[in-house]
Amino acid sequence: MALPLNVLAGNKLNLDNNWDPTKPDKDDSVPSKTVRRIMNDILECITADSQRIIVVPDPVKVLQAHAVIVGPENTPYEGGFFYFFVKFPVNYPISPPRLKLMNTDQNTIRFNPNFYRNGMVCLSILGTYTGSGWNPLNSLFSVLISILTLLNDNPYYNALALTGFKEYEENTPEKYVNYIRHETIRVAVINFLKEDNLDTMQMPSSMRYNVKKIFKQKIKFYHNTITDNMCLDDEKMFDPFNHCINGQLFEFRSLKVQLGELTKKLFGDNIDNIDNIDNIDDIQEQSECSELSDPSDSNDSN
């Protein structure tokens, strides 16, 4: 049985607030001080040299940016790519930025008790949950760090902080971790890197380049994780916060095949079998290597 949305939210979360950055705004002029602050925030993210946070400005609109958080090690999110679309208000930093998790497999996957299927991120710093709220001294980087802390080794207990509910079914945390691990590899790794993925259509090419470099470094991890969990195949997945997926089956063997196909697509014929990846650092990009070229090296002035 899944916990209903109104139980998880209680009376603390304003579900009617204007949280969604993908909704159109009226075209107000942007003060120069707002532009400077946004640029400084993005620069802070870049110069922080974080291995877990990638931020690029939107190539067209100054009030928009794009962020990818890479799932931390030793968590079910490890190696996953979680793409957030960011929009700053014209009075930034007086009001907080708005963020939306974009790769939810078309509003079907809930990766965390704090993440909703529609992409809403439930955090007090964003004004989407009760708490201390936004402070103009906060920044985009501090928001992303707050989100990163939610991607922990046992995300089920994030819900206890939200609701005060106690564990209501035996082995629920472990079942939830298994579900998150499967969907991270399926949605936040394999599907994420597909060219026709509707969830990531807005993502700039420079961000794709950085993601693919990280994917290359993590291929063996993905392979080992899939192999270690194939014993779960044909068992039912369980998410206590999203009844829509309950009853679907684990398919780690299928993910192994898909990972092999994706790896071959990105790196050519250097890998004949996904099991033969011990020397992954020696892989030289071939047939599709142009797609891995650094966009900054291009003369395209898009």
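Up top you'll find the structure we're talking about.
Residues numbered from 1 in each chain as written. Predicted model: local features only at pLDDT ≥ 70, side-chain atom pairs only at ≥ 80, totals over all residues. Heavy atoms only, no water.

With antiparallel pairing, 4 strands are arranged side by side in an open sheet as 1-2-3-4. At either end of the open sheet lies a strand with only one pairing partner, and these are strand 1 (53–57) and strand 4 (98–101). Averaged over neighbouring strand pairs, the angle between their axes works out to 20° when direction is ignored. Bridge count for strand 3 (residues 81–87) against strand 4 is 4 bridges, and the pairing is antiparallel. Paired with F84 across the strands is L101, a residue of strand 4. (Pairing = 2+ DSSP bridges. Helix = DSSP H or I, 4+ residues; strand = E, 2+ residues; numbered from the N terminus. Axes fitted to C-alpha atoms, helices over the stretch in contact; angles between N-to-C directions.)

Applying the stated rule across the entire model yields 14 aromatic pairs. Ring plane angle 10° and centroid distance 5.9 Å describe the contact between F250 and F252, whose orientation is recorded as stacked. An identical accessibility class is assigned to F250 and F252; each is buried. Cluster of aromatic residues (ring-pair linked, three or more members): Y156, Y157, Y176, Y179 and F241. (Phe/Tyr/Trp six-rings, centres within 6.5 Å; stacked < 30°, edge-to-face > 60°. Buried < 20%, exposed > 50% of the residue type's maximum accessible area, 1.4 Å probe, protein only.)

Another point: the side chain of K87. Looking at where K87 falls in the secondary structure, it is placed in strand 3. Look at K87 and you get buried, because its relative accessible area is 9%. A distance of 3.2 Å separates a polar atom in the side chain of K87 from the backbone oxygen of K23. Once you skip the residues sitting within four places of it in the chain, K87 turns out to touch P21, K23, D25, L63, Q64, P97 and R98. (Polar contact = N/O pair within 3.5 Å; in protein donor to acceptor, adjacent residues only side chain to side chain. Contact = heavy atoms within 4.5 Å.)

Right, let's talk about the pattern of salt bridges for a bit. Per the stated rule, a full pass over the model turns up 10 salt bridges. For K100, the salt bridge is made with D20, and the minimal N-O distance between the two is 3.6 Å. Of the two residues, K100 is situated in strand 4 and D20 in the loop between helix 1 (5–9) and helix 2 (32–47); the sequence distance between them amounts to 80 residues. An identical accessibility class is assigned to K100 and D20; each is buried. The salt bridge involving K218 is made with E78; its shortest N-O contact spans 2.8 Å. With K218 in helix 6 (residues 205–228) and E78 in the loop between strand 2 (64–70) and strand 3, this pair connects stretches of sequence that are 140 residues apart. According to the relative accessible area criterion, K218 is buried, its value standing at 15%. We classify E78 as buried; its relative accessible area is 11%. Residues participating in the shared-partner salt-bridge network are D25, K87 and R98. (Salt bridge = Lys/Arg side-chain N within 4 Å of Asp/Glu carboxyl O.)

What follows concerns helix 5 (residues 172–190). In this model, helix 5 (19 residues) spans 26 Å end to end at C-alpha, consistent with the 27 Å of a helix rising 1.5 Å per residue. At T184, helix 5 shows its largest kink, close to 30°. Helix 5 sits mainly inside the fold: 15 of its 19 residues count as buried. (Expected span 1.5 Å × (residues − 1). Bend = angle between axes of the 7 residues up to and from the residue.)

The biggest cluster of nonpolar side chains holds 73 residues, and the ones touching the most others in it are V68, F84, L144, I147 and F215. No other element matches the 8 residues that helix 5 contributes to this core. Sequence-distant contacts of L144, defined by excluding residues within four places in its chain, comprise C45, I53, V55, A67, I69 and L99. Among the nonpolar cores identified, the runner-up in size contains 5 residues, and W19, Y116, M120 and C122 belong to it. (Core = buried A, V, L, I, M, F, W, Y, C linked by side-chain atoms within 4.5 Å.)

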